[in-house]
Amino acid sequence: LEVPEINLTGVHYRVHSQYNNLVAGNVVIKNPTICAYMDRKNFNAKGNKPLPHDFIQELKTGLTIQKVEVQGMHIRYEEHAEISKEKGTITFENIDATISNVTNDKNRMSAKNPAVIDARPALYGKAPLAVTIRLNLLDPDGYHTIEGTAGPADPAILNDILEPTAFISVKE
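This paragraph deals with the nonpolar core. One recurring pattern in soluble globular proteins is that nonpolar side chains are buried together. One finds Ile65, Val68, Val70, Val102 and Leu137 to be the most contacted residues of the largest nonpolar core, which totals 17 residues. For this core, the secondary-structure elements that each account for two or more residues are strand E2 (22–30), strand E4 (63–80), strand E5 (87–103) and strand E6 (115–123). Top element by residues in this core is E4. It accounts for five residues. Once residues lying within four places of it in the same chain are set aside, the contact partners of leucine 137 are Pro52, His53, Ile56, Gln57, Asn101, Val102, Thr103, Met109 and Ala115. Residues Ile90, Tyr124, Leu129 and Ile157 belong to the second largest nonpolar core, which totals seven residues.

Right, dumping it as structure tokens:
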């Protein structure tokens, strides 16, 4: 994970000083990069990975951020499948996202008033995607919904991840 710049505005310093809670109006995260690698060929998976609601629920301090803006994010995931000779790769480029209502305050978070993530990545830098995720960060089961659309693209671009990990190919 690399995050070159984070800016916070509307921070309530008095709330932090008195209660050790972080309350902010807006957080802007510029040009972050996430790279992840899974080697299933040589290592067994170690349980379930935590999801966003797990992090929020485990916080020992209060957190309320009205809006998080992510600008120009890049994600690269590589996986070496158990019986594969080579690794597969998928990338999401130029991601702009807005996350609203990031909180562990039970008076602000509910199924009717969830956190909402609106993201606009480009799959492999070529296929435009639009994704909306709604999640109640305090739901003990991590219930969430995902809606999305994909713009025009050649589906064969998925072969970089599909062929080495799922042993399938998309033909034009």
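Now, onward.
Let us now look at helix H3 (residues 159–166). Taken as a whole, H3 has its buried residues at Asn159, Ile161 and Pro164. The inward-facing, buried residues of H3 abut E5.

Bringing the side chain of asparagine 159 into the picture now. Among the structural elements, asparagine 159 can be located in helix H3. What asparagine 159 contacts, discounting residues up to four positions off in sequence, is Pro164, Ile168, Ser169 and Val170.

About the cut-offs
Residues numbered from 1 in each chain as written. Predicted model: local features only at pLDDT ≥ 70, side-chain atom pairs only at ≥ 80, totals over all residues. Heavy atoms only, no water. Core = buried A, V, L, I, M, F, W, Y, C linked by side-chain atoms within 4.5 Å. Buried < 20%, exposed > 50% of the residue type's maximum accessible area, 1.4 Å probe, protein only. Helix = DSSP H or I, 4+ residues; strand = E, 2+ residues; numbered from the N terminus. Contact = heavy atoms within 4.5 Å.

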